[in-house]
Structures are given as structure tokens and as C-alpha cells.
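Here is how the chains run, residue by residue.
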Amino acid sequence: MLDSNKDSLKLEAMKRIVAMMARGKNASDLFPAVVKNVACKNIEVKKLVYVYLVRYAEEQQDLALLSISTFQRGLKDPNQLIRASALRVLSSIRVTIIIPIMMLAIKDAASDMSPYVRKTAAHAIPKLYSLDPEQKEPLIEVIEKLLADKTTLVAGSVVMAFEGVCPERIDLIHKNYRKLCNLLIDVEEWGQVVIINMLTRYARTQFLNPNANVSEGEEKEFYGSDEEEGKEEKVEKKKPYVMDPDHRLLLRNTKPLLQSRNAAVVMAVAQLYFHLAPKAEVGVTAKALVRLLRSHRSVLMGTSHLFGMFETYLKSFYIRSTDPTQIKVLKLEVLTNLATETSISIILREFQTYIKSMDKDFVAATIQAIGRCATNIGEVRDTCLNGLVQLLSNRDELVVAESVVVIKKLLQMQPEQHSDIIKHMAKLIENIQVPMARASILWLIGEYCEHVPKIAPDVLRKMAKSFTSEEDIVKLQILNLAAKLYLTNSKQTKLLTQYVLNLAKYDQNYDIRDRARFIRQLIVPTDKGGALSKYAKKLFLALKPAPILESPFKDRDHFQLGSLSHLLNVKAGGYQELPDWPETAPDPSVRNVEVMDAVCCHGNCNSKRVGFLGWRRVSCGERSSGEERRTAKKTTEPRSESESEEEGKESSSESSESESESETESKEESEPDTEAKRNAKKKVGVSVNGLELLKLFWHSRVLFVCILPCSAQTISPTFSSLKTYELLHRLTGEGLAVGYCFGRQPFVRDPHMVTVQIQFTNHMDTEARNLRVREPRLQSGMRIKEFPEIEVLPPGETVTTVMGIDFCDSTQAANFQLCTHTRKFCVSIQPPVGELMAPVFMLENEFKKEQGQLMGMNEIKETLVLGEACQSDYAIVQRVTAAANVGQVPCGSDQEYRFAGKTMTSNSLVLVTVITKRDRTAQLTVNCEKMVIGTMLVKDILHALSQ
């Protein structure tokens, strides 16, 4: 099929090969047959060939090099996707001999008109750098150029290249810092994470610590004890902290991203606030993190002093049966950290249910959590101990063993008060078989043998019988128990101790043999030595500090929150240390950027661009004193709070003046354009109701329009600007004329209804009263929402109202009676097929995917000759959108126009494609789930384009 002369067979072959790759099958043997099709003229085949080459070019470098000239020609292809794919393949051939070609291609792509190609150039930079680090300086120049790019599509990719090639070059970020902060909300999610992490490190080097003046005594020590909590520390009075406006800009622009649907973005913002924000503001991240937790996602907050902000969300951390073990352990950690004197009873009740789980690892973690709660909150220590003792009678051996280990640690805090528990545990020594649990019981009995003088020797006797069959960890504790009893109660245990030491002398494990020889020489004095015998009691029976039950997430704050190193608590490869706060603030002027004044359509209008996609308006020929002071500055410095308040006052006074002049301005707008205005329009753009359209571009699903306002009026579709139809002639209506049009706006009361604007004009000498709709006669499935009754319409007046009609995806007329206080008129509204749909905005890939599913019987193709007035891009788009209420879809080809819509009632998809040719002909393709609508729509669009 790949060797065929038919493009359809080649396309089918490439689809199968890409499907094999998607399933993980090796398709490298087909490389020679695929690579020769890179010169295929069919655009779809060429795209799939490049997809294949990107995957296997690195493995088949010799064969890929044979087609290097074809890749270079692809870099000059008119289609942006081909240019980008060619660069992607070229950067995947990791051969040093083509490094100059790669460098030249990256430099050219960085200046490409298409942002998608520039994005691909940014992706190629780290590949070339890893192949030849000596190219760092030329690549930095390209990065600097791409950092100045104002397209959101490029921002994330170039920052990633910056992080991979020259993260130490902070000076490259200075001029672009404010732009990146403002673009952040519109960058794709992957780019948002990359930019936020980079700006976190940047801010740590350029701004002062907002918490520098906060006393350490004011923060509760989380992992430590609570003994020092009540102590007050005296702190020297320092100069009040004033946050840098750029620091505030970063915090303000990242805060909305806490509502992102992407967990990585929310976590990135959370770590930014943790490392950069004042402690009082970090709490804003709590709600977003809890929202992620409820979405069954892992939220790891290994911080030591900010758990207080989650106290109100305690129940959100309750464990579900469907949670994996790792998430269960993390939630246990959070619940333990949130435990206070007031909430501990609720948490302990929750822990009791967890112990019944079938997940043994989770049960063990729960018992450890109970021990940490008892350590941190002394008031519940006895309660926790009693609960753990009850677990000693559990049938599950692992539960008993873990309880013994935790009880052992808790008893070390107050052993004299819990001798009964030690006796109870001694009785369990015969039933418990887990080595760690048996060793813990023996250690407890030996350590506190003075509290159980009658039981301890009997335990040693039983353990001596089973010494040879015990595990090594148990044998070591038997030796320790024997030594301690020999020193405290030698009369009863001397012979038992010697017996145990003799058994250990011939044990297979050398550690046990060494321990036996050491103990014998220490506690049993001989003539040859025994100098240490008098210190035996001090060595074996010395007071030992109680263990501290610490969280496994302690001491992780020195790693950046959310990083792999933070998760593993080990510095991972490629981890970049978070810089320390500077002692003195660096010069903030390095981030100032000069801007150009915007040109107004009138030539003398003092409007100036401020920020991103925003404009500040001043009336033509006038400028307030406050505006003169502000525009005197040629930098985009962020305003302080006091300046913004002052500006708010000035703007309010300006707005009041503009309101008083609104009538005058509206009159001026209605006047014919002067020659000066017409000349200005030629220079600037297309005039739309007094608003000059400057830039129009697509990004994702949103259409951005930058406009320079020269009046205060709001643009909205008016009745006169839409195609109108006659509903009732003035002669038939005895002086009452009624017209209607389709508003192409969603009907508020029902989204499945078409909005119909009704205009009443009273040509009579008397009032028309009680205008209303009565007795609608509709086809099956059709519905109507009547307009509110118009009580009075004076003579010579006109009024417009709105009604909604559900035509049930049909062009059949809706019949009803239009009534006044004296007459009834039978009228009908019949919609064109293009008004039965609403626009759908989608990306090119989505359009192709949907179109592929509507082939065959759902596709209609027609060829037409374009009319004389339909030769420009604007004219084609205008004609199609006038014939049908559809939205334009972005397309990489200059000769192809795509539109998408959906029917109002059934939400059936309607796709329209117009492909123009050089001979003034065009091919029209309509893909529609409902062929009746598709057939009528083709007829209307053919008529519109052929005029």
C-alpha cells in the first residue's frame, strides 16, 4: 500500500501504522517504505509520515539522513503543520554532523509567522543543547528572542527551554516578568505549571521575604512538643514590610488558577503561595486543595506549620474504602496533624473504624497514627493506651504485633503508672508469633523488670526453652533480658542466664555469639578480667529517653513543595534548589519596559495602551491632569495601592463627565464620516460602531479582539442590523405593522429555542392596546414561549420584544394569532434552515475528528463557481455566516474555510468546509447528522457564495 500510486491507499497504510504505534507495537521495520513518502503531495499522508518519523528517526538515523533535503524543504512548506513537523523530525535525528542545519532551522523557525512553529522551535532547543552543549550561547540568543514573544502558545514552551538550557540567566526574565504574569491565565495548563515553577524561583531572588518580621515564637512548632507553646519571645522592632508591586502582581495573577481543573496547576499555585506569600494569605489555597482531594486526587502537603488552615475541612480527609493504600496513609498523616484537644475524640472514633479494614498495611499505619496522637496530645494518652491494649486480644496477629510496638513506645513515657499493661503483655508472649512484637515485649519486661519482679523470671524460663527456634531479633532480646535479670535478681535467674549464654555461644549467627561473649565478660566477673563488671548496672539499666513518634514527612521543608525530591525526601537528579531570600531587595527598575502609545482612529485621541489587551480612554482633544501625570511615565510600572486609589477617584470624575457628554457623542457618531476620519480608517482598520478593530486572532477556543474605544456606547445586535421579515403588513393590520428577525442570541428562558425579535410599529392615529399571542397552531414537537403582553403602543411609536420558538429542527412554519384589543390576525413565522442552529467553537483537530465520524451518508459535496463579489477571505466568511448561524474554525490552510454549528433542539452537529481553487471554483462540503438539514443548508450556502 505504501508503494501504491494512489494517495488513498497510502493514507490507509499510514493510519494502520500509526495505530500500531499507538498500541505499542514495533513498526521500525517499515521505516524505508515510510520515509520515501515524505515527499508525497497529499497533505494528510505527509502529516502521518512526519508523526512516524518523529518516533523512529532517532533509531534509524542513517536512513533518516538520506531524506535530510526533504526535511529542509518541509521547513519552507506553506502549511504551518508541515513546517513544524519537519523541524520536529530534524531535531529528533541525534547526529552531530547536522548540528549546523538544526541550529539554522531553529533560528528560522523562531522568526516564523506561525506561533505553532515558534512553539516547536522552543521544543527543539533543549534537544540540540543535549546533543551539543557548546551551542549554549547561540541557543540563549534564540531563547531571549522567543521570551519576547507575546503569544500564549509559545510562552510555556520557551520557559521550559529556558529551564533546560540556562536557568541561571535570571536577567533574561527581568523584561518579560510582567508579561509572563499577565499571560499566565491564558497559557495552556502544561505551560502554566512550568511558568509558575520558574517564577517561584525568580521571585525568591528578586523580592524580600514577606514573613521576615514574623516572630518564630508566633508560629506553632508542629512536629515538636507543645511545652514551649506558651512562651513569649521578644522580637526587635523592624522596619514595616511593604510588598513589591511585582511581587503582589504574581500572587494576584496566580490566584485565579486555584480554580483550574488541572491538579498540577492547582498544586503549582499552592507551592508558589507556600514559598512566596505572607503566612496570612497561604490559607486561600486550602479550599482548592480540598477540592482536589474530593476528586480522588492525591494532595501531599508535607508542611510543618500550615495545617491549621485545614482544620475546618477535617471531614474531607476521612478515608474512603476506594482509596489506594498510599492515599490512605497520606490522609492518616493529615488527620494526625490536624488533631487537637477539641477534635481528637472525633478523630479517634474514626481511627477505630479504620482498624477493622482488610488492608493490613493501612491498619498498621492507623495504629501508628494513634500512637502519634497519644504522643502529641497528653490528655488522651491513657485513652489511646487502653484502646491499644484492647487490640492485643484481636484475632489478627499483625494488628496485635503493631499494637505491641506502639504500646512499648508509649509506656516508656510513664512506665511506673502502667505496670498492669506490662503484666498483660507478658501473658501474651506465648500467643504472639511476630518476631518484632515478641522482641518488643521482652525489651519492655527487661527494661522495667523491677515493676514486675515475679513475672520476669518466669518469662525468661519460657523463652530459654524456645531459644534455639526463635528469630535472631528475639534471641538478642532474650540475652538482654537474661543480663538485666542477672543484675537485679541473680538469686532466681543465675542458672537460667548461664544456660541461655551457653546456648548463644554455639548459635549459627555470629552477632548472637559475639553478644553472648560480651555479656558474659561484663556481668560474670573472672580472675583474668572483669574491670567493667562494676559498671554493668549503669550500662544495662541506664535510664533511656522516651522515643519521639515523628511523622515520616518531617524535615522535608527544605525541598520545594510538590517536587519529586519533596515526595521522596531525597534530592533527585535535576532538582534545582530553591534560592534563599535576599537580604536587600534588588533594583526593581530592571523589570520596567518602555511601551508605545496606541494610535486612535481620529488621529488626535490621547488613548494609551495599559497592561495586556487593555486600553485606557481619554476624550478626543482632551486629557485630564491626572492622565497627563500618568502618561508622562514611559514604563509599565505596576501601581501601588495608594496610586490605584487615587486613579480610581480621578477615573470616577472622568466617567461622570463622559456621561454628561454622551448625548453629544451619539449625535456626532450619526453624522457622515469626514475625510480625515476616512483616512484614519484606512490606516487603522475596520470601523464597527465607533470601535476600531486593531487585532483579531485565535487562541484555543477563545476569540480575542483588541479594540480602541472612541465612544462609550456598547455594541449589541440591533433590529435594523439583522435581516428582517414581514409578519404583518400595515394595510392588512389596519395601521399596525409587524416585522421579525432571528436574533442569533440564546433564548434566556429555554436554550433549545430560537430567539425571534418582534417589532411593532403603530401607524394609526389611535393607541394600540393589549398586543399579545393567542391560539398557537404548531406542528408536533414544536413549542413557543410568548412575549409579554404589550399594554399600550402610542401612535407613531415603535416597540421591540422577544419570543422563543422551538422549531424541532424543522423549517415548518409556526402559526399563531396576533391579537390587539379589537382585532385578531393570523400570522406565521417560517425559519431559514441556517437559523435553526447555534455556532460551535472548536479546534482544527476536533473538527477533523468529528468530520471523520460524519462521512458517507452524512456528507454532501458540491462544486460551485464563486461570485464576483465573493473573492476575498472576508467575503467568503461573511456569506457563509450570513447563510447559517455557524462559528468559524481555525485552519492552517489559506484556501480552506471551516465552520461548525449544532442544531438548537437535538444538538446535532453541522460541519461546513469551503475549499477554494485558483480557477475561481470552490468545493463545498457539509457533514451533518440530519441529512434533511444538510441538504437545505447546502442549497442556501451555494446561493450565497455564487452571488
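The residue count restarts for each chain, going from 1 along the sequence in the order it is written. Given that this is a predicted model, residues contribute local features only at a pLDDT of at least 70 and side-chain atom pairs are listed and counted only at 80 or more, while totals for whole chains, interfaces and linings are drawn from all residues. Water and hydrogen atoms were dropped before computing side-chain values, which therefore reflect all heavy atoms in the structure.

**Notes on the overall build of the protein**
1) Next: In this text, helices come from DSSP runs of H or I with a minimum length of four residues, and strands from runs of E with a minimum of two, each type numbered from the N-terminal end. Each helix and strand in the protein was counted, giving 36 helices and 20 strands.
2) Next: Partly exposed describes any residue whose relative accessible area lies between the buried limit of under 20% and the exposed limit of over 50%, with all areas from a 1.4 Å probe on protein chains only and scaled to the type maximum. Within the protein, the proportion of its 947 residues that are buried is 47%.
3) Next: Computed with a 1.4 Å probe, the accessible areas rest on the Shrake-Rupley method; for each residue, only the protein chains presented here act as cover. Accessible area of the protein: about 49500 Å², with a carbon and sulfur share of 51%.

**Describing helix α25 (residues 472-488)**
1) Next: Spanning 17 residues, α25 covers 25 Å between terminal C-alpha atoms, matching the ideal 24 Å at 1.5 Å per step.
2) Next: Counted residue by residue, α25 has 13 buried out of 17 residues, so it is predominantly covered. A helix is expected to span 1.5 Å multiplied by its residue count minus one.

**Some thoughts on a nonpolar patch on the surface**
1) Next: A surface patch of nonpolar side chains, about 370 Å² in accessible area, is lined by L564, L567, L568 and V570.
2) Next: On the secondary structure map, L568 appears in helix α29 (residues 564-568). Two joining distances apply to patches: 9 Å for like charges and 5 Å for nonpolar side chains (Val, Leu, Ile, Met, Phe, Trp, Tyr), and every residue must have over 30% relative accessible area and no salt bridge. One side-chain nitrogen of Lys or Arg within 4 Å of one carboxyl oxygen of Asp or Glu is enough to make a salt bridge.

**Thoughts on the nonpolar core**
1) Next: Among the nonpolar cores identified, the biggest contains 183 residues, and Y52, L53 and F351 are the most heavily contacted of them.
2) Next: Excluding residues within four positions of it along the chain, F351 makes contact with L332, L335, T336, T366, A369, I370 and C373.
3) Next: We call a set of buried Ala, Val, Leu, Ile, Met, Phe, Trp, Tyr and Cys residues a nonpolar core when their side-chain atoms join them within 4.5 Å. Residues V754, L771, M803 and F816 belong to the second largest nonpolar core, which totals 30 residues. In what follows, a contact means two residues having at least one pair of non-hydrogen atoms within 4.5 Å.

**As for the packing of helix α22 (residues 419-427) against helix α23 (residues 435-447)**
1) Next: Lines fitted to C-alpha atoms define the axes, with helix axes restricted to the stretch in contact, and inter-axis angles between N-to-C directions lie between 0 and 180 degrees. α23 packs onto α22 with a crossing angle of 135 degrees between their chain directions and a minimal axis gap of 10 Å. Considering their axes alone, α22 and α23 lie oblique with respect to each other. Classified by chirality, the crossing of α23 by α22 is left-handed. Residue-level inspection shows I422, M425 and A426 of α22 in contact with α23, the latter providing I441, L444 and I445.
2) Next: Nonpolar residues are Ala, Val, Leu, Ile, Met, Phe, Trp, Tyr, Cys and Pro. Charged residues are Asp, Glu, Lys and Arg, and all others, Gly as well, are polar. Tallied by class, residues from the contact of α22 with α23 come to six nonpolar, no polar and no charged. Small angles under 35 degrees read as roughly parallel and large ones over 145 as roughly antiparallel, with 65 to 115 read as roughly perpendicular and the rest as oblique. Take the far helix as the reference: if the near one is turned anticlockwise from it by less than a right angle, the crossing is left-handed, and if turned clockwise, right-handed.

**Examining the confidence of the model for the protein**
1) Next: On average, the protein scores 78 in pLDDT, and the residues at 70 or more come to 79%.
2) Next: The model gives residues 216-236 a pLDDT under 50, and that stretch makes 23 contacts with residues more than four places away or in other chains. A residue's pLDDT is simply how confident the predictor is in it, with values from 0 to 100.

**Quick notes on the side chain of D507**
1) Next: If you trace the backbone, D507 turns up in the loop between α26 (490-505) and α27 (510-523).
2) Next: Any pair of N or O atoms that falls within 3.5 Å is considered a polar contact. Within protein, one atom must be able to donate a hydrogen and the other to accept it, and sequence-neighbouring residues count only if both atoms are side-chain atoms. In this structure the side chain of D507 is engaged in a polar contact, spanning 2.9 Å, whose partner is the backbone nitrogen of N509.
3) Next: When neighbours within four sequence positions are excluded, D507 is seen to be in contact with F467, K475, I512 and R513.

**A look at the pattern of salt bridges**
1) Next: One pass over the structure, following the stated rule, counts 36 salt bridges.
2) Next: Among the ionic pairs, K930 bridges to D809, the shortest N-O distance being 3.1 Å. Of this pair, K930 sits in the loop between β20 (921-928) and α36 (931-945) while D809 is found in the loop between β12 (798-806) and β13 (814-819), placing the two residues 121 residues apart along the sequence.
3) Next: We classify K930 as partly exposed; its relative accessible area is 33%.
4) Next: The buried category is assigned to D809, whose relative accessible area is 10%.
5) Next: Residues joined in a network through salt bridges with shared partners are E44, K47, E844, K848, E896 and R898.

**Some thoughts on the sheet that holds β12**
1) Next: A strand pair is defined by DSSP finding two or more bridges across the two strands. Spatial ordering of the open sheet is given by β6-β7-β8-β12-β10, a layout of five strands whose pairing is antiparallel. Single-partner strands in this sheet number two, and they are β6 (724-728) and β10 (783-785). With strand direction ignored, the average angle separating the axes of adjacent strands in the sheet is 30 degrees.
2) Next: Here strand β7 (residues 736-742) pairs with strand β8 (residues 754-762) via seven bridges, running antiparallel. Opposite F742, over in β8, you have V756 as the bridge partner.

**Description of the packing of aromatic side chains**
1) Next: Centres within 6.5 Å are what make two rings of Phe, Tyr or Trp a pair, Trp counting through its six-membered ring; a difference in plane orientation under 30 degrees is then read as stacked, over 60 as edge-to-face, and the rest as tilted. Summed over all chains, the structure comprises eleven aromatic pairs.
2) Next: With a centroid separation of 6.0 Å and 40 degrees between ring planes, the pair formed by F31 and Y52 is classed as tilted. With F31 in helix α2 (residues 31-35) and Y52 in helix α3 (residues 43-56), this residue pair connects regions lying 21 residues apart in the sequence.
3) Next: On the numbers, 4.9 Å between centres and 45 degrees between planes, the contact of Y52 with Y56 is tilted.

**Some details on the sheet that holds strand β14 (residues 824-829)**
1) Next: The sheet built from four strands is open, its strands ordered β11-β9-β13-β14 with antiparallel pairing. Each having just a single partner strand, β11 (790-793) and β14 make up the two edges of the open sheet. For this sheet, the mean angle separating the axes of adjacent strands, direction not counted, is 35 degrees.
2) Next: As paired strands, strand β9 (residues 768-777) and β11 are joined by three bridges and run antiparallel to one another.

**Let's talk about helix α9 (residues 136-147)**
1) Next: Taking 1.5 Å as the rise per residue, α9 with twelve residues should run 16 Å; its terminal C-alpha atoms sit 16 Å apart, in good agreement.
2) Next: Listed in full, the buried residues belonging to α9 are L139, I140, V142, I143, L146 and L147. Down the axis of α9, the buried set is contained in an arc of 165 degrees. They therefore lie on one face. Exposed positions of α9 whose direction lies more than 90 degrees from the buried face are E137 and E141.
3) Next: On its buried face, α9 sits against α7 (99-110), α8 (115-131), α10 (152-165), α11 (171-174) and α12 (177-183). An arc is given here, and it is the one of the directions from the helix axis to the C-beta atoms.

**A look at unusual backbone geometry**
1) Next: The backbone of R744 sits at a positive phi, close to 55 degrees, despite the residue not being glycine.
2) Next: Overall, R744 belongs to the partly exposed group, its relative accessible area being 29%.
3) Next: Phi at D809 is positive, roughly 55 degrees, even though this residue is not glycine.

**Looking at the side chain of S260**
1) Next: Within the secondary structure layout, S260 lies in the loop between α14 (245-254) and α15 (263-276).
2) Next: Within the local environment of S260, its side chain forms a polar contact with the backbone nitrogen of N262, the two atoms lying 3.1 Å apart.
3) Next: Leave out the neighbours within four places in its chain, and S260 touches E189, V265, V266 and R291.

**So, the environment of Y50**
1) Next: Mapping Y50 onto the fold places it in helix α3.
2) Next: Between the C-alpha atom of Y50 and that of V35, which follows or precedes it by 15 residues, the distance is 8.7 Å.
3) Next: Contact partners of Y50, with chain neighbours within four places excluded, come to V38, T70, F71, G74, I82, S85, A86 and V89.

**Let's talk about the packing of helix α21 (residues 397-411) against α23**
1) Next: With their axes 8 Å apart at the nearest point, α21 and α23 run at an angle of 25 degrees to one another. As judged from the angle between their axes, α21 and α23 are roughly parallel. At the point where α21 passes α23, the crossing takes the left-handed sense. Where α21 abuts α23, its residues A401, V404, V405, K408 and L411 lie against M436, A437, S440, I441, W443 and L444.
2) Next: By residue class, the composition of the contact of α21 with α23 is nine nonpolar, one polar and one charged.

**Considerations on the environment of K475**
1) Next: Following the sequence through the fold, K475 ends up in helix α25.
2) Next: You can call K475 buried: its relative accessible area is 6%.
3) Next: Between the C-alpha atom of K475 and that of M463, which follows or precedes it by twelve residues, the distance is 8.9 Å.
4) Next: Apart from the residues lying within four places of it in its own chain, the contact partners of K475 are F467, T468, E470, D507 and I512.

**Focus on the state of the cysteines**
1) Next: Defined by distance alone, a disulfide is two cysteine sulfur atoms within 2.5 Å. For the coordinates displayed, the defined rule picks out zero disulfides.
2) Next: With no disulfide of its own, C373 lies 6.3 Å from the sulfur of C384, the closest cysteine sulfur.

**A short note on the pairing of strand β19 (residues 909-916)**
1) Next: β19 sits mainly inside the fold: seven of its eight residues count as buried.
2) Next: In the sheet, strand β18 (residues 896-903) pairs with β19 via seven bridges, with the strands oriented antiparallel. Residue R898 lies in a different strand from β19, and its bridge partner there is T913.
3) Next: Between β18 and the antiparallel strand that follows it, β19, lie five residues; N907 among them carries a positive phi value of about 55 degrees.
4) Next: As judged from the seven bridges shared by β19 and β20, these two strands associate in the antiparallel manner. Paired with V910 across the strands is C928, a residue of β20.
5) Next: Turn length for the β19-β20 hairpin, with the two strands adjacent in sequence and antiparallel, is four residues, and the turn residue R920 shows positive phi of about 70 degrees.

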